[in-house]
Amino acid sequence: PLVASIKVGAVITPHAAKITDNRQIAVNLIYILLFLDILIMMILAVNSSFCYNVIMAVYINEEQVKSLLTMTDVFPLVEDVFAQFSNGTALNTVRTRARIRKGALHRLPASLPSKDVMGYKAYTSFKDALIFRFYLHSASTGELLAVIDASEIGRLRTGAASGVATKYMAPE
């Protein structure tokens, strides 16, 4: 079968391989899925009419995300993101965490130079709540372009990534 060789910060290249370390593959896939969230949010903001010629950053809430994106939209984006990451035109770095007694702040940066954007997904994890947001910046000026609620995008990305994996890894 076609298997993705995945390492954090490395290039994804399809090749025939035997899966020998399921835990490492699962860990690497988690990193890739989080990276996909970031790139989908970048593409959403760049492709939405909210972010062209803005003077100040815009806020895109969960309801707006739901009205702008469907699984039909996200599937080809996820497929494209895998290709961009594979050819080195999309970049990501390792997640950082700031832990406190009652919770944590997690930050996952990435950039998509071909769309002139960079950003990070930040989320807080506390006993009663997980709050996901994405912060999109211009890669040319550093200006904050948008703050986007990110829970719905994460759900869509998870489903689309599973669909893309099935498309390429299922036996014919």
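Structure shown above.
Residues numbered from 1 in each chain as written. Predicted model: local features only at pLDDT ≥ 70, side-chain atom pairs only at ≥ 80, totals over all residues. Heavy atoms only, no water.

What follows is about the packing of helix α3 (residues 71-87) against helix α4 (residues 151-169). Following both chains from N to C, one finds α3 and α4 inclined at 60°, their axes separated by 8 Å at the closest point. Between α3 and α4 the crossing geometry is right-handed. Packed against α3, whose contacting residues are Met-71, Val-74, Phe-75, Val-78, Glu-79 and Phe-82, the element α4 presents Leu-156, Arg-157, Gly-159, Ala-160, Ala-161, Gly-163, Val-164, Lys-167 and Tyr-168 at the interface. Broken down by class, the residue content of the contact of α3 with α4 amounts to 10 nonpolar, two polar and three charged. (Axes fitted to C-alpha atoms, helices over the stretch in contact; angles between N-to-C directions. Helix = DSSP H or I, 4+ residues; strand = E, 2+ residues; numbered from the N terminus. Left-handed = near helix turned anticlockwise from the far one by under 90°. Contact = heavy atoms within 4.5 Å. Nonpolar A, V, L, I, M, F, W, Y, C, P; charged D, E, K, R; others polar.)

On inspection of all chains with the given rule, the structure shows two aromatic pairs. Relative to Tyr-135, the ring of Tyr-120 has its centre 5.0 Å away and its plane inclined at 20°; by these criteria the two rings are stacked. Note that Tyr-120 is positioned in strand β7 (residues 117-126) and Tyr-135 in strand β8 (residues 129-138), a separation of 15 residues in sequence. Relative accessible area serves as the criterion here: at 24%, Tyr-120 is assigned to the partly exposed category. When the ring centre of Tyr-120 is taken as reference, the NZ or CZ atom of Arg-107 above it lies at 5.7 Å. (Phe/Tyr/Trp six-rings, centres within 6.5 Å; stacked < 30°, edge-to-face > 60°. Buried < 20%, exposed > 50% of the residue type's maximum accessible area, 1.4 Å probe, protein only. Lys NZ or Arg CZ within 6 Å of the ring centre and 35° of its normal.)

Looking now at the nonpolar core. Judged by nonpolar contacts, the single largest core of 18 residues is most densely connected at Val-65, Leu-69, Val-74, Val-78, Leu-136 and Ile-148. Listing elements by their share of this core, those giving two or more residues are α3, β8, β9 (144-149) and α4. (Core = buried A, V, L, I, M, F, W, Y, C linked by side-chain atoms within 4.5 Å.)

Okay, α4 next. Over its 19 residues, α4 extends 27 Å from the first C-alpha to the last, a length consistent with the 27 Å expected when each residue adds 1.5 Å. Among all positions of α4, only Glu-152, Ile-153, Gly-154, Leu-156, Arg-157, Ala-160, Ala-161 and Val-164 are buried. (Expected span 1.5 Å × (residues − 1).)

For the structure shown, the criterion picks out four salt bridges. Between Lys-167 and Glu-79 there is a salt bridge, with the nearest N and O atoms lying 2.8 Å from each other. Linking Lys-167 in helix α4 with Glu-79 in helix α3, this pair joins segments that are 88 residues apart in sequence. The partner of Asp-149 in a salt bridge is Arg-133, and the shortest N-O contact between them spans 2.8 Å. Residue Asp-149 is found in strand β9, and its partner Arg-133 is found in strand β8; the two are separated by 16 residues along the sequence. Judged by its relative accessible area of 9%, Asp-149 falls in the buried class. (Salt bridge = Lys/Arg side-chain N within 4 Å of Asp/Glu carboxyl O.)

This next bit is on the environment of Met-118. Along the polypeptide, Met-118 turns up in strand β7. For Met-118, a relative accessible area of 34% gives the class partly exposed.

Here the focus is the side chain of Gln-84. Its place among the elements puts Gln-84 in helix α3. A polar atom in the side chain of Gln-84 sits 2.5 Å from the side chain of Asp-80. Those residues in contact with Gln-84 that sit more than four places away from it in its chain are Thr-89, Ala-90, Leu-112 and Ser-114. (Polar contact = N/O pair within 3.5 Å; in protein donor to acceptor, adjacent residues only side chain to side chain.)

Bringing unusual backbone geometry into the picture now. Positive phi outside glycine occurs at Asp-116, with the angle close to 60°. Mapped onto the fold, Asp-116 is located in the loop between β6 (103-112) and β7. Classification of Asp-116 as partly exposed rests on a relative accessible area of 33%.

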